[in-house]
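Structure at a glance
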Amino acid sequence: MTGTEQTPEPGPRGVTRRALLGGGLLGAAAVGAAGFVGGRATATTGDGTASGTAAAGTYPFTGRHQAGIVTPAQDRLYLAAFDVTTDDREDLVALLQRWTTIAARLTQGLSAGPFGAASGPYDAPPDDTGEAADLPAAGLTITFGFGRSLFVAADGTDRFGLADRLPDALVELPHFPADALDPARSDGDLVVQACADDPQVAVHAIRNLSRAAFGAATIRWTQLGYGRTSSTTTAQSTPRNLFGFKDGTANLKAEEGDALERHVWVGEDAAAADSHDSSWLVDGTYLVARRIRMQIETWDRTSLREQEALVGRTKGEGAPLSGGEEFTEPDFEVTGREGAPLVALNSHVRLAHPTQNDGVRMLRRGYNFTDGNDSLGRLDAGLFFIAFVRDPRTHYIPMQTTLSRDDGLMEYLQHTGSGLFAVPPGIPDGSLRTGSDGTPITTSDSPFVGQALFS
Amino acid sequence: MSRSRVGALALVALVLPLAACVDNDPGPAASGAPERALTVSSTQDACDVSSATAPSGTLTFAVTNDGSDVTEFYLLGEDGLRVVSEVENIGPGLTRDLVVQVRPGTYYTACKPGMVGDGIRAEFTVTDSGEAVGPTGDAAEQLAAAEDQYVAYVKDQVGALIAGTQEFADAYKAGDDEKARELYAATRVHWERVEPVAESFGDLDPLTDAREADLEDGQTWSGWHYIEKDLWPPLAADNGGTEYVPLTDAERTKAADDLVGWTQDLVDQVNDPAFTFEAFQISNGAKELLDEVATGKVTGEEEIWSHTDLWDFQANVDGARLAYEVLEDVVEEADPDLAATLTERFAALEGLLAEHGSVEEGFTSYDELTAQQVKELSTAVDALSEPLSRLTAVVTGV
């Protein structure tokens, strides 16, 4: 299936969701098995209906593309970048196998392991940490990606024999004007993006995955996000960023299948054009992450006139200053007093618009963040920008160079963290190994996310 | 006046404009009196104002462009010529508020679809509500005087700047690093006092005042901070792990000559007879100077090698205070509470700065400030910046 067909499935808990997992592999007997103990079966009431249907939606874990890209943007984010600590390729593969199984389980509302948080051997720690035990799946998606440093270390070392699979587009991002990047919030060998409508569910996912990584990988940095700042489907209303403006009006949407092929998914042609063998990334994409701190206090002292002029849209409705309504295309030719364009030359909407950027578009999936305050009592808050693009060299770097240099909003922005990751395709429907209770299990030959990279 | 009294006043002042539109406005249903919240629909051939009369005080015209051309809306005086207030550049479909204080009398409303011609006009009557409205002096004259004073100040500062820059450049080219280091911060004070003016000339600011982190890959660095780094060369650990390479004599000469050349450009532009700086630019400039302090100076990011941030800090505050002072008469009349708050908070911030030195005697190095001292300074900047951000609305609302 294509990602564009993904829809939430808020149906009854347990049985139906488990049936989604293994695709055709699951027999009726397995579905009906009552042997599944622990996990979150307790959330299911006696008549089999969900106790929290509102946020009980699940998205399929398997498919042509990974979930969490064109999936309708959930409300919450917990993203973690990892450093791989082992130098053994087999250990790395084993980690990805464990992660794949756990992610397949968690996204379907199951516990991380088959016993769950409150059962299993009494002298062993539970195989799930338990803080999400009574919660619905809350639309959880987990998306994995690989950093450039996984292929080639900073000193040029080919750490896992992957150097000849490094895609040309997995570049080192340049220093953009006014960058103030903190290495402790940047880069990483692996990235895991967990999105859910409940922050506890997203945090639970990262916590269990990082637990499964001990000895093979360790967290380098993480970011919590709330209040999605973009819409990935036409069914969603446009949310607002911390500047109080609607964000993501012109975002690529899940319904735009052709545009997704052109701007988001890595195609056969891109892989064929690469100097290395990067066919493993076909149907994958690239994830660009930027932690953009906003100078909230000075922004709040800025006149409405200047705020709107810098953004290029009205603050209320989000209409372009050239006129119309929110979804009216901005008209950059319209001029006002003294022939000055109504949508200013240094406005964000103009500089970021596809017509000013060789027609490229990106699928953004950003979130607001508030990480407490700095030592001066100012909010350490802003936008955690995430974009999925087919090629960062054409779809991100030129635009960001322009924005960092010319965007009037930059006076109120500071990029403090950065990451670029190659996101492999999804694992095929029906390929997961399942145990006797019908839930996924990890074996030495389990399929895993990014498997083609290691073949 | 005690500090808490000032705080309370500021809060009242912040709330009042809203209250004026809501609480004091009984609306036609309640009293039969005309409203202070009016709507205007501007189309190709009509300019429909919801009422032809309103009581004196703060009026809000919500102007909607229901036509297909860009439009603008004016409130004109009885002579049909004097512009009381205006809102321009309203794109089709958009609504803009015009908020204006109006005294009793006869006025004209006018929409100008396509932004040409005399506009579609109608008489508009403002009845006496008994409320005092706006300043009583001749505001236009006061603003003109403010603009003249500010331009004179700018000319004075850039005059001192070019002299100091020449001396600094000579010392640096001659290899007299000690003298150059001594002149560095004291000369920059004249730049930092009028920085919004320099920024209004586009390229000059990045050429002369860019920090290394502001650059994009491959871009050439120049200006004050380029020389600063050479005068206070960093250890490798503070230089991205690589050994800092001092500039050659030729590079020094070019850097120094460029700086003098660009500064001369600024001097020439400021002394051009056509150079003016309008009142709203002065008040916005004051706010921008404090924003500069808040984002760069108080964090120690501006002078990352020399740590002379407090000099720039003081200079920005000087510039903001001067900008405020030339407008003070206008503010006194339009919003005496705001004037009192600003006077008090400028004094508080300057008092705090004075604990760390002065432009004449020199300042404490930024890296010797304690976290507590930086926080105190930052808090004082924020306390001043918030009311200062309302200055333009007060000045232009006259």
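Scoring rules and cut-offs
- Residues numbered from 1 in each chain as written.
- Chains lettered and ligands numbered in written order.
- Predicted model: local features only at pLDDT ≥ 70, side-chain atom pairs only at ≥ 80, totals over all residues.
- Heavy atoms only, no water.
- Helix = DSSP H or I, 4+ residues; strand = E, 2+ residues; numbered from the N terminus.
- Buried < 20%, exposed > 50% of the residue type's maximum accessible area, 1.4 Å probe, protein only.
- Contact = heavy atoms within 4.5 Å.
- Areas by Shrake-Rupley, 256 points an atom, 1.4 Å probe, with all protein chains shown as cover.
- Salt bridge = Lys/Arg side-chain N within 4 Å of Asp/Glu carboxyl O.
- Pairing = 2+ DSSP bridges.
- Axes fitted to C-alpha atoms, helices over the stretch in contact; angles between N-to-C directions.
- Core = buried A, V, L, I, M, F, W, Y, C linked by side-chain atoms within 4.5 Å.
- Left-handed = near helix turned anticlockwise from the far one by under 90°.
- Nonpolar A, V, L, I, M, F, W, Y, C, P; charged D, E, K, R; others polar.
- Arc of directions from axis to C-beta.
- Buried area = accessible area lost by both parts, 1.4 Å probe.
- Polar contact = N/O pair within 3.5 Å; in protein donor to acceptor, adjacent residues only side chain to side chain.
- Disulfide = S-S within 2.5 Å.
- Phe/Tyr/Trp six-rings, centres within 6.5 Å; stacked < 30°, edge-to-face > 60°.
- Expected span 1.5 Å × (residues − 1).
- pLDDT = per-residue confidence, 0-100.

**Brief notes about the overall build of chain A**
For chain A, the count of helices and strands is 12 helices and 9 strands. Looking at the 455 residues of chain A, the share that counts as buried comes to 57%. In chain A, the share of contacts with a sequence separation of at least 24, taken over all contacts with a separation of at least 6, comes to 76%. Accessible surface computed for chain A: about 16,900 Å², of which carbon and sulfur atoms make up 53%.

**Thoughts on the pattern of salt bridges**
Under the definition given, this model contains 48 salt bridges over all chains. When the shortest N-O distance is used, the salt bridge between aspartate 189 of chain A and arginine 159 of chain A registers 2.9 Å. Of the two residues, aspartate 189 of chain A is situated in the loop between helix H4 (148-151) and strand S3 (190-196) and arginine 159 of chain A in the loop between H4 and S3; the sequence distance between them amounts to 30 residues. Judged by relative accessible area, aspartate 189 of chain A falls into the buried class, the value being 4%. As a salt-bridge pair, arginine 185 of chain A and aspartate 380 of chain A come within 3.9 Å of each other at their nearest N and O atoms. Of the two residues, arginine 185 of chain A sits in the loop between H4 and S3 while aspartate 380 of chain A sits in strand S8 (residues 379-389), which places them 195 residues apart along the sequence. What you see here is one network of salt bridges that share partners, running through Arg188, Glu192, Glu195, Asp209, Glu292, Lys297, Glu302, Glu303 and Asp312 of chain B.

**Some details on the sheet that holds strand S2 (residues 47-49) of chain B**
Residues and elements named next belong to chain B. The 4 strands lie next to each other as S2-S1-S4-S7, forming an open sheet whose pairing is mixed. The sheet terminates laterally at S2 and strand S7 (95-102), the two strands that pair on one side only. Sheet twist, expressed as the mean angle between neighbouring strand axes with direction ignored, is 20°. Here strand S1 (residues 37-42) runs beside strand S4 (residues 57-65); their pairing, made up of 6 bridges, is parallel. Its bridge partner lying in S4, serine 41 is registered against threonine 64.

**Digging into the nonpolar core**
In this structure, Tyr150, Phe168, Val197, Leu266, Phe313, Leu327 and Val331 of chain B are the most contacted members of the largest nonpolar core, which totals 86 residues. In contact with valine 331 of chain B, not counting residues within four places along its chain, are Tyr324, Pro336, Leu338, Ala339, Leu391, Val394 and Val395 of chain B. Judged by nonpolar contacts, the second largest core, of 80 residues, contains Phe144, Ala213, Ala217 and Val449 of chain A.

**A look at the sheet that holds strand S8 (residues 105-111) of chain B**
Residue and element names in this part refer to chain B. Ordered in space as S3-S9-S8-S5-S6, the 5 strands form an open sheet in which the pairing is mixed. Since the sheet does not close on itself, it has two edges, and those belong to strand S3 (53-55) and strand S6 (83-90), each with one partner. Neighbour-to-neighbour, the strand axes of this sheet turn through a mean angle of 20°, independent of strand direction. Here S8 runs beside strand S9 (residues 120-127); their pairing, made up of 7 bridges, is antiparallel. Pairing of alanine 110 across the sheet is with arginine 121, part of S9.

**As for the packing of helix H4 (residues 177-193) of chain B against helix H10 (residues 309-334) of chain B**
All names here are of chain B. Relative to each other, H4 and H10 sit at 30°, their axes nearing to 8 Å. You can see that H4 and H10 cross each other, and the crossing is right-handed. Contacts between H4 and H10 involve Ala185, Ala186, Arg188, Val189, Glu192 and Arg193 from the first element and Trp311, Asp312, Ala315, Asn316, Asp318 and Gly319 from the second. For the contact of H4 with H10, the class distribution of residues is 5 nonpolar, 2 polar and 5 charged.

**Quick word on the pairing of strand S5 (residues 285-294) of chain A**
Residues and elements named next belong to chain A. Buried residues dominate S5, accounting for 10 of its 10 residues. Residues Thr285, Leu287, Ala289, Arg291 and Arg293 line one face of S5 and the alternating positions Tyr286, Val288, Arg290, Ile292 and Met294 line the opposite face, and both faces are buried. Pairing of S5 with strand S9 (residues 413-423), which is carried by 10 bridges, proceeds in the antiparallel orientation. When the bridges of S9 are listed, threonine 285 appears paired with valine 423.

**Let's talk about unusual backbone geometry**
All names here are of chain A. Positioned with a positive phi, alanine 178 is a non-glycine residue whose angle comes to about 70°. Structurally, alanine 178 is set in the loop between H4 and S3. With phi around 75°, aspartate 283 is a residue other than glycine that occupies positive phi space. With respect to the helices and strands, aspartate 283 occurs in the loop between helix H7 (268-273) and S5.

**Concerning helix H9 (residues 304-311) of chain A**
Residues and elements named next belong to chain A. When we look at burial in H9, the residues that qualify are Gln307, Glu308, Leu310 and Val311. Taken around the axis of H9, the buried residues stretch over an arc of 165°, which confines them to a single face. Two residues or fewer after H9 comes glycine 312, characterised by a positive phi angle close to 90°.

**What to know about the interface of chain A and chain B**
Each side of the interface is counted separately: chain A has 31 residues, and chain B has 31 residues. Between chain A and chain B lies a buried interface of about 2,400 Å² when both sides are counted; carbon and sulfur atoms form 46% of it. When residues of chain A are sorted by the area they lose upon contact with chain B, Arg301, Arg337 and Leu376 of chain A head the list and together hold 33% of the total. At the boundary of chain A with chain B, the tally comes to 8 salt bridges. Arginine 405 of chain A is paired through a salt bridge with glutamate 216 of chain B; the nearest N and O atoms lie 3.2 Å apart. Across the contact surface, chain A and chain B share 16 residue pairs in polar contact (both at pLDDT 80 or more). When its residues are assigned to classes, the side of chain A that touches chain B shows 11 nonpolar, 14 polar and 6 charged.

**Digging into the environment of glutamine 314 of chain B**
Residues and elements named next belong to chain B. Mapped onto the elements of the fold, glutamine 314 is located in helix H10. A relative accessible area of 10% places glutamine 314 in the buried class. Residues glutamine 314 and alanine 139 lie 175 residues apart in sequence; the distance between their C-alpha atoms is 30 Å. The contacts of glutamine 314, once residues within four sequence positions are left out, are Glu350, Leu353, Val359 and Phe363.

**Observations regarding the state of the cysteines**
Residue and element names in this part refer to chain B. Inspection of every chain in the model, using the stated rule, returns 1 disulfide over all chains. Covalent S-S linkage joins cysteine 47 and cysteine 111, the inter-sulfur distance amounting to 2.0 Å. Disulfide cysteine 47-cysteine 111: the torsion about the S-S bond is 60°, which places it as right-handed. Here cysteine 111 lies in strand S8 and cysteine 47 lies in strand S2, a separation of 64 residues in the sequence.

**Focus: the packing of helix H7 (residues 224-231) of chain B against helix H8 (residues 249-271) of chain B**
All names here are of chain B. Closest axis-to-axis distance for the H7/H8 pair is 10 Å, and the angle between their directions is 145°. You can see that H7 and H8 cross each other, and the crossing is left-handed. Contacts from Trp224, Tyr226, Ile227 and Asp230 of H7 reach H8 at Arg252, Ala255, Ala256 and Leu259. Looking at the contact of H7 with H8, its residues break down into 6 nonpolar, no polar and 2 charged.

**Considerations on the packing of aromatic side chains**
Residue and element names in this part refer to chain A. Under the definition given, this model contains 25 aromatic pairs over all chains. Ring centres of tryptophan 99 and phenylalanine 144 lie 5.6 Å apart, and the angle between their planes is 20°; this geometry places the pair in the stacked category. You can see tryptophan 99 sitting in helix H3 (residues 89-107) and its partner phenylalanine 144 sitting in strand S2 (residues 141-147), a full 45 residues away along the chain. No difference in accessibility class separates tryptophan 99 from phenylalanine 144, as the two residues are buried.

**Comments concerning H8 of chain B**
Residue and element names in this part refer to chain B. Compared with the 33 Å implied by 1.5 Å per residue over 23 residues, the 33 Å span of H8 between its first and last C-alpha is a close match. Along H8, the residues classified as buried are Arg252, Ala255, Ala256, Leu259, Val260, Trp262, Thr263, Leu266, Val267 and Val270. Those residues of H8 that are buried are in contact with helix H3 (139-173), H4, helix H5 (195-199), helix H6 (204-209) and H7.

**Re the confidence of the model for chain A**
Taken over all residues, the pLDDT of chain A has a mean of 88, while the share at 70 or more is 88%. In this model, residues 1-55 of chain A is a region of pLDDT below 50 whose contacts with residues beyond four sequence positions or in other chains number 102 contacts.

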